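Okay, here's what each chain looks like letter by letter:
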Amino acid sequence: MSLRNYLAWVRDQALPFWLPRAADAEGLFHETLAMDGTPQPEAELRLRTGMRQAYVLAHAAELGLVDRAPALDLAARMMERLRALAWAPDGRPGWAARFDRAGGITDGRRDLYDHAFALLALGHLGRATGEARYAAWIEETLAVVDGALAAPHGGWAESDRGELPRRQNPHMHLFEASLALHETTGEARHLARAGEIFGLLRARFLDEEAGVLTEFFGPAWERSPQVRSERLDPGHMAEWTWLLRRYERAARRPVDALCGRLFDAAVRLGLTADGFLVDEVDIAGRPLVDRRRLWPQTEYLKALVVQGSAGHRPELLEEAAALAGRLGKTYLAGVPAGAWRDAFTLDGRPSASAIPASTLYHLFAPVPEILRLEAS
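Numbering of residues starts from 1 in every chain and runs along the sequence as written. Confidence filtering applies because this is a predicted model: local features only for residues at pLDDT of at least 70, side-chain atom pairs given and counted only at 80 or more, and all residues used for totals across whole chains, interfaces and linings. Hydrogens and waters are ignored; side-chain quantities use all the structure's heavy atoms.

- As annotated in an unreviewed UniProt entry, the protein chain carries the name Mannose-6-phosphate isomerase and comes from Labrys wisconsinensis.
- UniProt positions are given in the numbering used here, feature names are shortened, and annotations may be inferred rather than shown by experiment. The protein chain has a UniProt comment under Sequence similarities (unreviewed entry) that states "Belongs to the N-acylglucosamine 2-epimerase family."

1. Observations concerning the sheet that holds strand β3 (residues 96-99)
- Strand order in the open sheet formed by three strands is β2-β3-β4, and the pairing between neighbours is antiparallel. Only two strands of the sheet have a single neighbouring strand rather than two, namely β2 (45-46) and β4 (105-110). By definition, two strands form a pair when at least two bridges between them are found by DSSP. Secondary structure follows DSSP: runs of H or I at least 4 residues long count as helices, runs of E at least 2 residues long count as strands, and numbering of each begins at the N terminus.

2. Some details on the pairing of β3
- Relative to β3, β2 is paired through two bridges, and the arrangement is antiparallel. What sits directly across from arginine 46, in β3, is arginine 98.
- Bridging between β3 and β4 involves three bridges; their strand directions are antiparallel. Directly across from phenylalanine 99, in β4, lies its bridge partner isoleucine 105.

3. Some thoughts on the packing of aromatic side chains
- Pairing of aromatic rings covers Phe, Tyr and Trp, the last through its six-membered ring, and needs centres within 6.5 Å; plane angles under 30 degrees mean stacked, over 60 mean edge-to-face, and all others mean tilted. Following the criterion strictly, the structure yields 19 aromatic pairs and no others.
- An angle of 90° between the planes, with centres 5.1 Å apart, marks the rings of phenylalanine 117 and tyrosine 361 as edge-to-face. With phenylalanine 117 in helix α4 (residues 112-129) and tyrosine 361 in helix α12 (residues 359-364), the pair connects residues that are 244 residues apart, well separated along the chain.
- The buried label applies to any residue whose accessible area, calculated with a 1.4 Å probe on protein chains only, is under 20% of its type's maximum; exposed applies above 50%, and partly exposed to all values in between. The class of phenylalanine 117 is buried, set by a relative accessible area of 1%.
- When its relative accessible area of 1% is taken as the criterion, tyrosine 361 is described as buried.
- The rings of Tyr55, Tyr113, Phe117, Tyr361 and Phe364 are connected pair by pair, giving a single aromatic cluster.

4. What to know about the pattern of salt bridges
- Salt bridges are counted wherever a side-chain nitrogen of Lys or Arg sits within 4 Å of a carboxyl oxygen of Asp or Glu. In the structure shown here, the tally under the stated rule is 37 salt bridges.
- One salt bridge in this structure joins aspartate 73 and arginine 77, with 3.3 Å as the shortest N-O distance. Residue aspartate 73 and its partner arginine 77 are located together in helix α3 (residues 68-86), separated by four residues, close to a single helical turn.
- Glutamate 158 is the partner of arginine 167 in a salt bridge, and the nearest nitrogen-oxygen pair spans 2.7 Å.
- Where salt bridges share partners, they join Arg48, Asp107, Arg109, Asp111, Asp114 and Glu163 into one cluster.

5. Remarks on unusual backbone geometry
- In the segment running from leucine 164 into proline 165, the intervening peptide bond is cis, with an omega of 5°.
- The residue tryptophan 221 is not glycine, and still its phi comes out positive at about 70°.
- Here tryptophan 221 is to be found in the loop between β8 (216-217) and α8 (234-251).
- You will see that histidine 312, though not glycine, has its phi angle at about 50°, which is positive.
- As for its placement among the helices and strands, histidine 312 is situated in the loop between α10 (294-310) and α11 (314-329).

6. Points about the packing of helix α7 (residues 188-205) against α8
- Axes, fitted as lines to C-alpha atoms, cover a helix only where it is in contact. Angles between the N-to-C directions of the axes lie from 0 to 180 degrees. One way to put it is that α7 packs onto α8 with a least axis distance of 11 Å and a crossing angle of 135°. With respect to α8, the axis of α7 lies oblique. Of the two elements, α7 crosses α8, and the hand of that crossing is left-handed. Each of Leu191, Ala194, Gly195, Ile197, Phe198, Leu201 and Phe205 in α7 lies in contact with α8, whose residues at this interface are Trp240, Leu244, Tyr247, Ala250 and Ala251.
- Residues are grouped as follows: Ala, Val, Leu, Ile, Met, Phe, Trp, Tyr, Cys and Pro are nonpolar; Asp, Glu, Lys and Arg are charged; all remaining types, including Gly, are polar. Here the residues of the contact of α7 with α8 sort into eleven nonpolar, one polar and no charged. For classification, angles of less than 35 degrees are called roughly parallel, those exceeding 145 degrees roughly antiparallel, those between 65 and 115 degrees roughly perpendicular, and all remaining angles oblique. Handedness of a crossing follows from how the near helix is turned relative to the far one, being left-handed for an anticlockwise turn of less than a right angle and right-handed for a clockwise one. Contacts between residues were defined by any pair of non-hydrogen atoms, one from each residue, lying within 4.5 Å.

7. Observations concerning the nonpolar core
- Buried residues of nine kinds, namely Ala, Val, Leu, Ile, Met, Phe, Trp, Tyr and Cys, make up a nonpolar core once their side-chain atoms join them within 4.5 Å. Judged by nonpolar contacts, the single largest core of 123 residues is most densely connected at Met79, Trp95, Phe175, Trp240 and Leu244.
- When residues in this core are grouped by element, the largest group, eleven residues, is from α4.
- Beyond its immediate sequence surroundings of up to four residues, leucine 244 is in contact with Phe175, Phe198, Leu201, Val255, Leu258, Cys259 and Leu262.

8. Things to note about α3
- Multiplying 1.5 Å by the residue count of a helix minus one yields the expected span of that helix. Look at α3: 26 Å from first C-alpha to last across 19 residues, which is about the 27 Å you get at 1.5 Å a residue.
- Here the buried face of α3 lies against α2 (47-62), β3, β4, α4 and α5 (132-146).
- Where α3 ends, the next residue or the one after it, alanine 88, has phi of about 50°, a positive value.

This is how it looks when you write it as structure tokens:
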């Protein structure tokens, strides 16, 4: 499978597979599908999954990968349902984290990770449709981020409950959402927020001595065995590599050295002999879990594409094409056309019993970079 064939798989198989299965008749998304592609009963739904779905539909419509009108209609209905169900259900501003299909709130936290994906979805939906209400909802969401989720020592809280450990991951997705808002609106304030998070990356998230990205911290960003700061995610190092290249394009800030360190650390610590990234490792590269999910592989794919194109390194683009081929023979094989296997054990046995809807976001994310590469 070449990069062009991966793009064709997303356009011609994954999106057509998902569109009729994304939501019920009322526009409420499905959290998981059975391996045969039928929706599974869910005890609760996560806001972030619905926001990811709306984002994919809106961005795919912008890029001309789906029939624009029905895709945007579905994305808008999904967002309307989310707004009615999860926005301020208790009278306080903010998006509730989890709920059930009957409309009951099962987790009323205002979660930073969730709000980042709300911003990502609203930004693309606003640009794709031109509807002013999405801009208003963005402002309301940002007010929660900067109000209820404000935190001491820099950055933002995990949620309005301020639980520990603090994590870099929600900040990474707020960085992504800020870049997307800058791209979709052109407003400098969103790039400024991305710059603030870039500063956090340099000052807090990076372990300069070890040359790795730290995931878990105490309340003042301290690394500690109590919060198991030794756990490292190679997939997030690859994901930051991709995001930093986007930041470079937007802010004209040099990121070559930083991207090189993160990319090299992801490969050095996380890449298995058969060419996949492990979910979680320690500083010596020892796996901490017997699992390699699909999402780190798509992050590795994006990192290969942006590093290969930014550094004029054809060997990385060749490896990207080879990785796409490996994905086609493993994660995308033995399932209905357009579906995926979400996880394998480290010895190569399929270990997922369902198809998580949230993974569509990860499968779609390399597409804009592949399109950019083809246009260059």
